[in-house]
Amino acid sequence: MAGWVLCVTLVLAALAGAAGETRYEKFLRQHVDNPRTSTLAAHRYCETMLARRRVTAPGRPCKPSNTFVHAPAADLVAACSQAPEPETGFHSTPSALSLTACRLRGGDTRPPCAYRARQAQQHVRVACRDGLPVHLAGTYTAPQ
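Residues numbered from 1 in each chain as written. Predicted model: local features only at pLDDT ≥ 70, side-chain atom pairs only at ≥ 80, totals over all residues. Heavy atoms only, no water.

## Some points on the overall build of the protein
- Of regular secondary structure, the protein possesses four helices and five strands.
- Starting at the N terminus and ending at the C terminus, the protein contains elements arranged as α-α-α-β-α-β-β-β-β.
- Considering the protein as a whole, with its 144 residues, one finds that 34% of them fall into the buried category.
- For the protein, the proportion of contacts with a sequence separation of at least 24, taken over those separated by at least 6, is 62%.
- Put simply, the protein shows about 8700 Å² of open surface, and 59% of that area lies on carbon and sulfur atoms. (Helix = DSSP H or I, 4+ residues; strand = E, 2+ residues; numbered from the N terminus. Buried < 20%, exposed > 50% of the residue type's maximum accessible area, 1.4 Å probe, protein only. Contact = heavy atoms within 4.5 Å. Areas by Shrake-Rupley, 256 points an atom, 1.4 Å probe, with all protein chains shown as cover.)

## Things to note about the packing of aromatic side chains
- Under the counting rule described, the total for this entry stands at one aromatic pair.
- Where Y45 meets F68, the ring centres are 5.8 Å apart and the plane angle is 85°; that geometry is what we call edge-to-face. With Y45 in helix 3 (residues 45–52) and F68 in strand 1 (residues 65–69), this residue pair connects regions lying 23 residues apart in the sequence.
- When the ring centre of Y45 is taken as reference, the NZ or CZ atom of R36 above it lies at 3.9 Å. (Phe/Tyr/Trp six-rings, centres within 6.5 Å; stacked < 30°, edge-to-face > 60°. Lys NZ or Arg CZ within 6 Å of the ring centre and 35° of its normal.)

## Regarding the side chain of T67
- Structurally, T67 can be placed in strand 1.
- Leaving out residues up to four positions away in the same chain, T67 has contacts with Q30, H31, L99, T100, A101, R103, L136 and T139.

## Some words on helix 3
- Those residues of helix 3 that fall on the buried side of the exposure criterion are Y45, C46, E47, M49 and L50.
- Against strand 1, strand 3 (97–104) and strand 4 (115–129) lie the buried residues of helix 3.
- Looking one or two residues past helix 3, R54 carries a phi angle of roughly 60°, positive in sign.

## Section: helix 2 (residues 23–31)
- Taken as a whole, helix 2 has its buried residues at Y24, F27, R29, Q30 and H31.
- At its buried positions, helix 2 is contacted by strand 1, helix 4 (73–79), strand 4 and strand 5 (132–140).

## What to know about the nonpolar core
- If you look at the biggest cluster of nonpolar residues, it comprises 14 residues, and the most contacted ones within it are F27, V69, L76, L97, V124 and V126.
- V55, F68, L104 and C113 belong to the second-largest nonpolar core, a separate cluster that totals eleven residues. (Core = buried A, V, L, I, M, F, W, Y, C linked by side-chain atoms within 4.5 Å.)

## Topic: the pattern of salt bridges
- Using the criterion set out here, one finds four salt bridges in the structure.
- Put simply, E21 and R29 hold a salt bridge, and the shortest N to O gap is 2.8 Å.
- Here R125 makes a salt bridge to E85, at a shortest N to O gap of 3.0 Å. A residue pair is termed long-range when its members are at least 10 positions apart, and R125 in strand 4 and E85 in the loop between helix 4 and strand 2 (91–92) qualify at 40 residues.
- What makes E85 buried here is its relative accessible area of 13%. (Salt bridge = Lys/Arg side-chain N within 4 Å of Asp/Glu carboxyl O.)

This is the structure:
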């Protein structure tokens, strides 16, 4: 009986912690990895980071794509002080940032999740709330 009570207590504590996460904190957890985490197997970066950051989890569908930015959070916060793009309302980083784009391999969204990683230097588009990034809307290479 004591084991069951402990298990229920731990589950409730985990749920309370997740519920207390702000949108900005969730953004940081899901998208900022600075400096880039080195994994034992470089080709497993996406699977490792998505699981470690609780973006993917057993019993939930695989996320089709996710981007990790390897720059200080302040660089993304600075994007929120830029004028929004008129057609989208998103804010862009003034300079290109180092990032890893993770894309789900194949079309099956059932775990186990397998991802393809692509490293790049690109500008990042974000949605902001109260001067903080809360959603990564995409990345792009600036025209030459």
